[in-house]
Amino acid sequence: LDKDLGAGGMPRNNFETVADEVRKKYPHISFRREGFDKNKGDEKLKFVEKRLSKKQPVLVSIANEPFGGQGWHIMPVVDATEDKLILLKNVDENGTPETCELTKEKFILIHEQYTGGDDVAYLDKWQ
């Protein structure tokens, strides 16, 4: 929704607006959103890990401030290890993916110490 957003424009991408657009085009697909209070970073991580264990695609919202940016960024979790989450940060114009590795400890810390990035979405229904 924000691919043509100009400077000073109001961003429209969030889990609800994007899920609504996906549902309009693909009514057999449904995403669910779960929000987490600031002091619940460990619960957010456990929720993500549970979705991954069920092989459900999951998107996380992460505050950009610890990376020198503003607002937040929604990224799919593309892999996980015992102590890290690997997120798809971007795909460049050549189709080359850029990933972001976060320790699970840092994932919790970012959630609890920075504004924004309080929710998770996961693929709930598809055919």
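Predicted, not measured: the structure shown is a model, and the values here were computed from it. (Residues numbered from 1 in each chain as written. Predicted model: local features only at pLDDT ≥ 70, side-chain atom pairs only at ≥ 80, totals over all residues. Heavy atoms only, no water.)

**Quick look at the nonpolar core**
Formed by 18 residues in total, the largest nonpolar core has its most connected members in V48, V60, I62, L87 and F107. Where this core is concerned, the elements lending two or more residues are α2 (41-53), β2 (58-63), β3 (72-80), β4 (84-91), β5 (97-103), α3 (104-113) and β6 (119-125). Top element by residues in this core is β2. It accounts for four residues. In this structure L87 touches V60, I62, M75, P76, V77, V78, E98, T99, C100 and L102, once residues within four positions along its chain are discounted. (Core = buried A, V, L, I, M, F, W, Y, C linked by side-chain atoms within 4.5 Å. Buried < 20%, exposed > 50% of the residue type's maximum accessible area, 1.4 Å probe, protein only. Helix = DSSP H or I, 4+ residues; strand = E, 2+ residues; numbered from the N terminus. Contact = heavy atoms within 4.5 Å.)

**Remarks on the pattern of salt bridges**
Tallied over the entire structure, the rule returns ten salt bridges. Note that E21 is salt-bridged to K24, the shortest N-O span being 3.1 Å. Of the two residues, E21 and K24 both sit in helix α1 (residues 15-25), three residues apart, roughly one turn of that helix. Between K84 and E101 there is a salt bridge; the shortest N-O distance is 3.3 Å. Residue K84 is located in strand β4, and its partner E101 is located in strand β5; the two are separated by 17 residues in the primary sequence. When salt bridges with common partners are traced through the structure, they connect E16, R33 and D119 into a single cluster. (Salt bridge = Lys/Arg side-chain N within 4 Å of Asp/Glu carboxyl O.)

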